[in-house]
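Geometric and topological summary
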Amino acid sequence: RAGGSQDAYIQIWEVSTGVLLRSIQPTLDESVLHIHFSPTDRKMLAAADDEGAISVWDVESGEKIRSLVGSAFSVFSPDGRTIATAVAPNPAHVTPLVPDPGNRNRLGDLLLIDVETGATRVRIGGHTQSLTSAAFSVDGSKLATGSRDGTCKVR
């Protein structure tokens with residue numbers, strides 16, 4: 001089990017004993033809001049902070065594998081190759097995903113990011129306000145999103 005906190009630490013716990021196995025301190029000044037283990041590699045997890053940065057970590061070594069741009073949540077696809085996240089509000093320390101004339105990177109858009117390369121595979125619109133959650137179906141064929149606009153969409 002893993003947990004994040006406002007002191008910007010990621011903590012890895014042994015569920016059966018409650019023993020703290022590892023504490024990772026990302027070089028962030030922000031709170032760790034969301035943590036998700038890869039379903040295919042339990043040594044890898046993604047942690048999202050409250051400024052739109054996502055870091056992928058090697059749990060055993062405590063080393064950062066990759067930095068991604070997203071939002072305060074991230075979720076792995078069942079095959080572990082993709083992370084779903086929302087478009088970040090482009091805070092000062094986060095580089096926009098792509099040049100955005102006409103504000104196409106709306107907060108209601110979902111990004112599917114390749115874990116290996118960090119490249120955005122797909123951007124999906126449809127919500128009118130920021131996304132708050134996403135979940136893949138067990139087989140990875142569907143994706144549900146929830147939004148501050150009060151809607152849930154299944155794609």
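Each remark here, short or long, concerns the structure printed above.
Everything numeric in this text was worked out from a predicted model, so none of it was measured. (Residues numbered from 1 in each chain as written. Predicted model: local features only at pLDDT ≥ 70, side-chain atom pairs only at ≥ 80, totals over all residues. Heavy atoms only, no water.)

Attention now goes to the pairing of strand β5 (residues 44–49). When you tally the buried positions in β5, you get six out of six residues, the bulk of the element. Alternating positions in β5 separate into two faces, M44, A46 and A48 on one and L45, A47 and D49 on the other, with burial throughout. As paired strands, strand β4 (residues 32–37) and β5 are joined by five bridges and run antiparallel to one another. What sits directly across from H34, in β5, is A48. What sits between β4 and β5 in their antiparallel hairpin is a turn of six residues. Pairing of β5 with strand β6 (residues 53–58), which is carried by five bridges, proceeds in the antiparallel orientation. Its bridge partner being in β6, A46 is matched across the sheet by V56. The antiparallel pairing of β5 with β6 creates a hairpin that spans three residues between the two strands, and G52 there sits at a positive phi of about 95°. (Buried < 20%, exposed > 50% of the residue type's maximum accessible area, 1.4 Å probe, protein only. Helix = DSSP H or I, 4+ residues; strand = E, 2+ residues; numbered from the N terminus. Pairing = 2+ DSSP bridges.)

Attention shifts here to the environment of I83. With respect to the helices and strands, I83 occurs in strand β9 (residues 82–86). Separated by 45 residues in the primary sequence, I83 and S38 have C-alpha atoms spaced 9.3 Å apart. With residues near it in sequence (within four places) discarded, I83 still touches A46, V56, L68, S74, V75, F76, L111, L112, I113 and V115. (Contact = heavy atoms within 4.5 Å.)

By themselves these figures say nothing about function.
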